[in-house]
Structures are given as C-alpha cells and as structure tokens.
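Notes for the structure review
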Amino acid sequence: MQFLLDAEQRAFAESLDAMLTSADTPSVVRDWSRGEHAGGRALWSRIAEAGVFGLAVPEEYGGLGAHPVELAVAFVELGRHAVPGPLVETVTAAVLLSETDPAAKRLLPSLASGEAMATVAHEGSYALDGDVASTRLSLASDGLHLSPGHGPVRPSLDPARRLTPLTPGGELLTPAPPRARALATARLTTAAQALGVGLALLDKTVAHVRQRTQFGVPIGSFQAVKHRLADAKIALEFARPLLFGAALTMDPADVAAAKVTACEAAYTTARTALQLHGAIGYTAEYELSLWLTKARALRTAWGSPRECRAAVIHGGDRQ
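A short tour of the structure in this document, coming up. (Residues numbered from 1 in each chain as written. Predicted model: local features only at pLDDT ≥ 70, side-chain atom pairs only at ≥ 80, totals over all residues. Heavy atoms only, no water.)

1. Thoughts on the packing of helix 4 (residues 68–80) against helix 5 (residues 87–97)
Packing of helix 4 against helix 5 leaves a shortest axis separation of 11 Å and a crossing angle of 160°. What the angle tells us is that helix 4 and helix 5 run roughly antiparallel. Taken as a pair, helix 4 and helix 5 cross one another with a handedness that is right-handed. Packed against helix 4, whose contacting residues are Leu71, Phe75 and Leu78, the element helix 5 presents Leu87, Val88 and Val91 at the interface. Its residues assigned to classes, the contact of helix 4 with helix 5 shows six nonpolar, no polar and no charged. (Axes fitted to C-alpha atoms, helices over the stretch in contact; angles between N-to-C directions. Helix = DSSP H or I, 4+ residues; strand = E, 2+ residues; numbered from the N terminus. Parallel < 35°, antiparallel > 145°, perpendicular 65-115°, else oblique. Left-handed = near helix turned anticlockwise from the far one by under 90°. Contact = heavy atoms within 4.5 Å. Nonpolar A, V, L, I, M, F, W, Y, C, P; charged D, E, K, R; others polar.)

2. Comments concerning the environment of Asp131
As for its placement among the helices and strands, Asp131 is situated in the loop between strand 2 (126–128) and strand 3 (135–140). Along the chain, Asp131 and Ala186 lie 55 residues apart, while their C-alpha atoms are 20 Å from each other. For Asp131, the contacting residues outside a window of four places in its chain are His37, His150, Val153, Arg162 and Thr164. A polar contact of 2.9 Å, which involves the side chain of Asp131, links it to the side chain of Arg162. (Polar contact = N/O pair within 3.5 Å; in protein donor to acceptor, adjacent residues only side chain to side chain.)

3. Let's talk about the nonpolar core
Within the largest apolar cluster, 80 residues are counted, with the highest numbers of intra-cluster contacts made by Ile47, Val52, Phe75, Leu137 and Leu243. If one sorts the elements of this core by residue count, helix 7 (residues 179–211) sits on top with 11 residues. Excluding residues that lie within four positions of it along the chain, Phe75 makes contacts with Val52, Leu87, Val88, Val91, Thr189, Ala192 and Gln193. Counting 17 residues, the second largest nonpolar core, distinct from the first, contains Ala160, Leu201, Ala266 and Leu288. (Core = buried A, V, L, I, M, F, W, Y, C linked by side-chain atoms within 4.5 Å. Buried < 20%, exposed > 50% of the residue type's maximum accessible area, 1.4 Å probe, protein only.)

4. Focus: the pattern of salt bridges
Evaluated as defined, the whole model comprises 11 salt bridges. Arg34 is the salt-bridge partner of Asp31, the closest N and O atoms lying 2.4 Å from each other. Classification of Arg34 by relative accessible area gives exposed; the value is 52%. As a salt-bridge pair, Arg162 and Asp131 come within 2.9 Å of each other at their nearest N and O atoms. Residue Arg162 is located in the loop between strand 4 (143–146) and strand 5 (163–165), and its partner Asp131 is located in the loop between strand 2 and strand 3; the two are separated by 31 residues in the primary sequence. Put simply, Asp31, Arg34 and Glu36 are held in one network by salt bridges that share partners. (Salt bridge = Lys/Arg side-chain N within 4 Å of Asp/Glu carboxyl O.)

5. Observations concerning the packing of aromatic side chains
This model, assessed by the stated rule, comprises one aromatic pair. Ring centres of Trp44 and Phe53 lie 4.6 Å apart, and the angle between their planes is 20°; this geometry places the pair in the stacked category. When the ring centre of Tyr267 is taken as reference, the NZ or CZ atom of Arg299 above it lies at 4.3 Å. (Phe/Tyr/Trp six-rings, centres within 6.5 Å; stacked < 30°, edge-to-face > 60°. Lys NZ or Arg CZ within 6 Å of the ring centre and 35° of its normal.)

6. Digging into the side chain of Thr164
Within the element layout of this structure, Thr164 appears in strand 5. A polar side-chain atom of Thr164 sits 3.2 Å from the main-chain amide nitrogen of Gly130. Those residues in contact with Thr164, other than ones at most four positions away along the chain, are Tyr126, Ala127, Asp129, Gly130, Asp131, His150, Gly151, Pro152 and Val153.

7. Considerations on unusual backbone geometry
Each neighbour pair has its own omega, and for Asp101 with Pro102 the value is 15°, a cis peptide bond. For Pro102, the location among the structural elements is in the loop between helix 5 and helix 6 (103–113). In this model, Asp129 sits at a positive phi of 55°, which is unusual for a non-glycine residue.

8. Section: the environment of Ala42
Mapped onto the secondary structure, Ala42 falls in helix 3 (residues 38–49). Note on Ala42: relative accessible area 43%, which makes it partly exposed. Placed 14 residues apart in sequence, Ala42 and Val28 show a C-alpha to C-alpha distance of 9.7 Å.

9. Section: the layout of surface pockets
Here the largest pocket is characterised by a volume of approximately 480 Å³. Together, 21 residues line the largest pocket, and Tyr126, Arg161, Thr300, Ala301 and Trp302 are the ones closest to its centre. Listing elements by their share of the lining of the largest pocket, those giving two or more residues are strand 1 (118–122), strand 2, helix 7 and helix 10 (288–300). Here the residues of the lining of the largest pocket sort into 10 nonpolar, six polar and five charged. (1 Å grid on protein atoms, 1.4 Å probe; cavity = no way out; pocket = protein on both sides within 12 Å on 5 of 7 lines; lining within 4 Å. Points joined across faces, edges and corners; volume = space filled by probe spheres on them.)

That's the geometry; what it means functionally is another story.
Given below as structure tokens:
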C-alpha cells in the first residue's frame, strides 16, 4: 500500500515547516533547557494558531475534532524542528479530558487556543514540563486527577525535556478516563515526532558529509558512508506508511508498531549521524545534539520498544 498525503495535508505540513524555520527553534530549545520559557511560549501560541492542538479537541470545546492523520502530519514537523514543550502531553490531555464534562468545558478551550499547556503522568512517575504546564493531570488507580502542583525539576537525557514529579491527590475529574485512546494518541504523536527528528538528522548528516573531506575528497563519496545513510533512509521511509496507516485506524497494535518502528529508525539515524559527524557531534554547543538527545529520549517515551512490541504481539496494550 502506498500512502500519500492529499494536497491540503501537504500544504499544512509546508506551512508549519515555513513557520518553524523562521522561528529559530535551536535558540528556543536552548532557552527552554535553562528554564527560560518566554520564547517557547511565544512559539507555542503560533503553533496553536495554526490549529495543531485543536486537532485533538472536540468541536464543542473550541477545537477542530479528532483528526489523527493531520495530528501526525503536524507532529512530524514539530519533531523535524525539535520544538520543546509538552506537545504530546497536551494532545493526550485533550483526549483524557474529552469525556470529563464539566471539567472539559473548563479546561479544553484554553488547550485548543494555546493559552494553556498540559502535562500527563501516571501516579508516581515523572511528568514532562510540570513546572510550565498549567494543567497537570495524574492518572491514578481511582481515575484522572487534576494535580495541585509539582516537585523540583529533575535532569533528563534530553535537557529540553524537563521532568517533574506531580503532587499526589487533587480534584478527581473522572473515575474512568479513556486510557486506551489517550495512550494511542500519545504513542502516535511520539512516533510522528521521532520520524521528524530522524528526517532532520538525516538531512543534517547528508549536508555534513558533502562538506567534510578526508584524503582530499568529501566523505560522502565513500561507499561505506553511502551504505550507512541509505540504511537510515530506508528505515525512516519504512516507518512513514506505518505511522500514517496507524493514524487512519488508531488501532492500539497498529499504533504500537508505528511507534517502535519510527523511534528505532530515528535512533538508528541518530547513531549514524553521530558516527559520521565525528567528535563534534558529541558537543552540546553543536546543534546536532538537540536532535540526538531527543531521538534517544523519544525511544522510551510512552512505551519502551519492548512494551510496544508486546502490544503488537498481543493485539494492543492491555493497560
């Protein structure tokens, strides 16, 4: 099966790419890593104005309704530009809140408009960007809670992914949140982000090997280098139809397959990028590191490779 985006979806991706290209996202990422959120908040508002968060919010609460394919299109571009913030968590929160009226009426419009950010975590685990999110949701054994606060920021593999424990307790929004649907949304958007990260790493590495020389010739002319880049390209292109196919069905097993495939492809591409860049790729000052660390972090976010493979084998996640 060949999956092709239609003209409107391609135009949406191109508009997001143009907007994010002009936003100097590497500077935004570095500021976000230091806890300086002004630039990230401004970019967040522009992303919201483009309708990205509304794609997960029902129309009656100010959104555009559920559009998983368009959501995947958007998150590929967000990953391609390494946009920081609780992006996946905000759309996951929108799904969790969609069946919690009157809380949905109170909380969802601000998520769709970009006025608020949300984060989500299982009780006892760390939440992404709990220090900047205004809506903090905790999934406990007795249901979905609105957490009253957060603990100190903890270091993360990806400096732009700032982790905080959530304060236990808080308002019980619903005893039966749509956990399976929310997990599928989280895994789908994480997979899309990872695909975008991998594509960016591949583009940057191809550009680098055309410039870097050894023995008087570009290293991109070496057969071994070509083979490594071809393997990365094939892995990413194989992940693409799985991602959009999963967005069409939203079957938990399909989404888990897309997640593990896209994240493993991005991780493989990151390792190739690091090897071909050499020692400079290790340095935090070099922009490549912003994508390298994200590829590693996304690999285990919302389900490790082992968990996602188990979900595929068993026909979906049983959580």
